[in-house]
Amino acid sequence: MPMSKNLLRDLPQVQKLLESSEADALCTEYGRTCLINVLRDDLAALRTQITAGSLTEIPDRQSLLARAGAKLSLRSRLGLRRAINATGIVLHTNLGRAPLAAEAIAAVEDVARGYCNLEFDLSTGKRGSRTHSLENLLRELTGAEAALAVNNGAAAILLALSALSDGGEVIVSRGELVEIGGGFRVPDVIRQGGAKLVEVGATNKTRLADYRAAITPETRVLLKVHQSNFRTIGFTAETPIGELAQLARSKNLLVVADLGSGLLHETPGSPEPTLSQALAAGADLVTCSGDKLLGGPQAGLILGKESALDRIRTHPLLRAVRLDKMSLAALEATLLLHRDTPERVPVYAMLRQSSGTLQRRAESLLTLLGIGALERTEAFAGGGSLPEERIESWAVALKLPGGADHLAAALRAQTPAVIGRISEGRLLLDMLAVTDAELPVLAEALKAALG
Ligand SMILES: *Cc1c(COP(=O)(O)O)cnc(C)c1O
């Protein structure tokens, strides 16, 4: 095979490839060893192709170095990277839920860069509490006697039930044994906390009498779980927190309410109870997530009676689910904004945009793209919050010969990745969770995706 022999002889040596200004630049950026390894692998692959007869021409040196550069750049890309959320769902768990406020990001940067008084009391110079300043803010915002923050909403329930049930029984309605997403089921968490789960009522109806009949000397907690991502409609009945609290008090039991979303401000027309309302109705403890409607970092909040919180503070699980300094910084900054200027919390602001604002944003995108069509959409808060409340939004709809799946995949491969929603063979870019500042980046990504 004289042809392949010649080609093999013509393959350049790694040393020769390194003697160029392009190679020098790659060495500076990625290191000499990495460049040599990538070039060796590429030359070995070419040798295999030549021997197999599938290569008839060797790429020139410049393209070999360009290929090496592209490979090195891909290798150094982070797996976790930015995305533009054009799905029309503000709290998208798969896309990281709440974007943080500028103030929260600045607070994270401040404590991440150096040291901080995480567990150090600056007035006494002695050991201090990790969540002290946060607890004061939470009390002020919700009227709770006491408060605590942990790693996430699931950790908050696990910890609360582990500490309060003490291996006894926890009574919960059959209509509230929900799966939140990603296989996370409330009953599994209850059992993991060492409690015995006692289900009462029917899927569509659970009355106070059902709870009362299930109480035994082993009962410790009456649990109320927000239905989050689904609704029972039609012939239904649920027992409100206030009635559960009265029953619990007469039997010396505790009421724990997992609200899921952590609403701080009353929202006109929304059936969701706020944290303050659930506490005022008589719940001994209320738990929720920090990164749903609260608009903060991943966190779980536990609010309620001092006596109940005291049992949680001394539970060994607390150490395993405590918050890190960066999340604490972001959470405190977000809560400060909720107290003084809630409109600066991105999730709060996004959910209050007018249809006109969203229409204008879609029009701006359409102008930048030069293709597509304007379309009215129904968008959602997401994160198990306000599931049946549709938000009037606007999108740019793209219908291309290559198909919506193909375009969606090409957009996901961009940096930042762009995630849209496919509907009736078209790709919709919904404006609800896209910012004005992201529009030019989104347009660039689309141009690159279309090649
Ligand atoms: C979201 C949710 C949880 C879980 O909270 P994470 O912060 O995701 O751990 C628990 N209960 C309800 C009702 C929820 O909606």
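Before reading further, recall that the structure is shown in the block above.
Nothing here was measured: the structure is a model prediction, and the numbers come from that model.

Asks: Before we move on, can you summarise unusual backbone geometry with the specific residues and values?
Replies: For the bond running from Thr415 to Pro416, omega is -10°, close enough to zero to count as cis. When you line up the elements, Pro416 lands in the loop between helix H18 (404-412) and strand S16 (417-419). The backbone of Asn252 sits at a positive phi, close to 65°, despite the residue not being glycine. Residue position: Asn252 is located in the loop between helix H11 (241-250) and strand S11 (254-260). Positive phi, close to 50°, is recorded for Glu424, a residue that is not glycine. For Glu424, the location among the structural elements is in the loop between strand S17 (421-423) and strand S18 (426-430).

Asks: Explain the pattern of salt bridges to me, and be specific about the residues and the numbers.
Replies: Oppositely charged side chains can form a pair if their charged atoms are brought close together. If you walk through the whole model with that rule in mind, you get 24 salt bridges. Put simply, Lys224 and Glu238 hold a salt bridge, and the shortest N to O gap is 2.8 Å. With Lys224 in strand S10 (residues 219-225) and Glu238 in the loop between S10 and H11, the pair connects residues that are 14 residues apart, well separated along the chain. Exposure remark for Lys224: the relative accessible area of 9% places this residue in the buried category. Between Glu378 and Arg390 there is a salt bridge; the shortest N-O distance is 3.0 Å.

Asks: Let's hear about the sheet that holds S17: which residues, and what values?
Replies: Read from one edge to the other, the open sheet built from five strands follows the order S2-S14-S15-S18-S17, with strand pairing classed as mixed. Of all strands in the sheet, those bounded by a partner on one side alone are strand S2 (89-91) and S17. The average angle at which neighbouring strand axes cross in this sheet is 40°, direction not considered. The sheet contact formed by strand S14 (residues 373-382) and strand S15 (residues 391-398) spans seven bridges and is antiparallel. Within S15, the position partnered with Glu375 by the bridge is Ala395. Its contacts with the sheet put H18 on S15, S17 and S18, and the angle it makes with S18 is roughly 45°.

Asks: Report on the environment of Gln414, specifying residues and quantitative values.
Replies: Secondary-structure assignment places Gln414 in the loop between H18 and S16. Between the C-alpha atom of Gln414 and that of Glu343, which follows or precedes it by 71 residues, the distance is 31 Å. Apart from residues lying up to four places away in sequence, Gln414 is in contact with Ala445, Ala448 and Ala449.

Asks: Go over the sheet that holds S11 with me, naming the residues and quoting the values.
Replies: Reading across from one edge, S5-S13-S12-S11-S10-S6-S9 is the order of the seven strands in this open sheet, with mixed pairing throughout. Each edge of the open sheet is held by one strand with a lone partner, namely strand S5 (146-150) and strand S9 (196-200). Pairwise comparison of adjacent strand axes, ignoring direction, gives a mean angle of 20° for this sheet. As judged from the five bridges shared by S5 and strand S13 (residues 300-304), these two strands associate in the antiparallel manner. Along S13, the bridge assignment pairs Leu148 with Ile302. Helix-sheet contacts for helix H7 (residues 132-142) involve S5 and S13, and the interaxial angle to S5 is about 120°.

Reading the values: the criteria
Residues numbered from 1 in each chain as written. Predicted model: local features only at pLDDT ≥ 70, side-chain atom pairs only at ≥ 80, totals over all residues. Heavy atoms only, no water. Helix = DSSP H or I, 4+ residues; strand = E, 2+ residues; numbered from the N terminus. Salt bridge = Lys/Arg side-chain N within 4 Å of Asp/Glu carboxyl O. Buried < 20%, exposed > 50% of the residue type's maximum accessible area, 1.4 Å probe, protein only. Pairing = 2+ DSSP bridges. Axes fitted to C-alpha atoms, helices over the stretch in contact; angles between N-to-C directions. Contact = heavy atoms within 4.5 Å.

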